[in-house]
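Given next are the chains, with one letter for each unit.
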Amino acid sequence: MKRRAATPMLAFAILASLASPCAAQSAEEYYNQALSKQKAGELEEAVRLYTKAINKDDRMIMAYQMRGAAWQKMRQLQQAFDDYTILIEQDDPYFRAVGYFNRGIVNDIAGRHTEAISDFTGALKIDWKMGAAYFHRAVARLKSRDSTGAFKDLHQAARRGDTDAKKWLDLLSPSWREAKP
């Protein structure tokens, strides 16, 4: 039996498929997939994809931030702490402030209130307008039995628009709005 020669188009398609491997995904594509998985609540898959994005481009700072958030939600606090520490080590002041803030949350959840206070202070040194950092530092100070510092931080947070701080102060000290800053 005689074999038929492949048509020129088929031969070209076969050669083309052998010559070019499947296009590898970029760090950005992995990041976007991870973000979708995280939004859908598929945290383990999100972490896996953020890690792939980071392996492709270890300068993709947002992937560290979001992977840290996923770790934190899964209560994998050491992994979240490590990712937030990477943010703190960056030159970008925004990411450093966010890293300090988020690491402060992790430290507070872990019961390391003194370290949490230090991290929230680090965030405020970079961005003194961050009302949420004042609020969470107040909470950590209350847990550390520093009610004077906590009260001052609640005032700062409320003055910067933090609604939780305003609610707490309305309950604890209804005349706080008339007090001098």
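Residues numbered from 1 in each chain as written. Predicted model: local features only at pLDDT ≥ 70, side-chain atom pairs only at ≥ 80, totals over all residues. Heavy atoms only, no water.

A. Structural view of the overall build of the protein chain. The helix and strand inventory of the protein chain stands at ten helices and zero strands. For the protein chain, the sequential pattern of α-helices and β-strands runs α-α-α-α-α-α-α-α-α-α. For the protein chain, with 181 residues in total, the buried portion stands at 40%. For the protein chain, the proportion of contacts with a sequence separation of at least 24, taken over those separated by at least 6, is 38%. Put simply, the protein chain shows about 11300 Å² of open surface, and 55% of that area lies on carbon and sulfur atoms. (Helix = DSSP H or I, 4+ residues; strand = E, 2+ residues; numbered from the N terminus. Buried < 20%, exposed > 50% of the residue type's maximum accessible area, 1.4 Å probe, protein only. Contact = heavy atoms within 4.5 Å. Areas by Shrake-Rupley, 256 points an atom, 1.4 Å probe, with all protein chains shown as cover.)

B. Representation of the nonpolar core. Judged by nonpolar contacts, the single largest core of 24 residues is most densely connected at Tyr-31, Tyr-50, Ala-53, Met-60, Ala-63 and Leu-87. At the level of elements, α2 (27-39), α3 (43-56), α4 (61-73), α5 (77-88) and α6 (93-109) are the ones that each hand at least two residues to this core. With seven residues, α3 is the single largest residue contributor to this core. Setting aside anything within four residues of it in sequence, one finds Tyr-31 in contact with Tyr-50, Ala-53, Met-60, Met-62, Ala-63 and Met-66. (Core = buried A, V, L, I, M, F, W, Y, C linked by side-chain atoms within 4.5 Å.)

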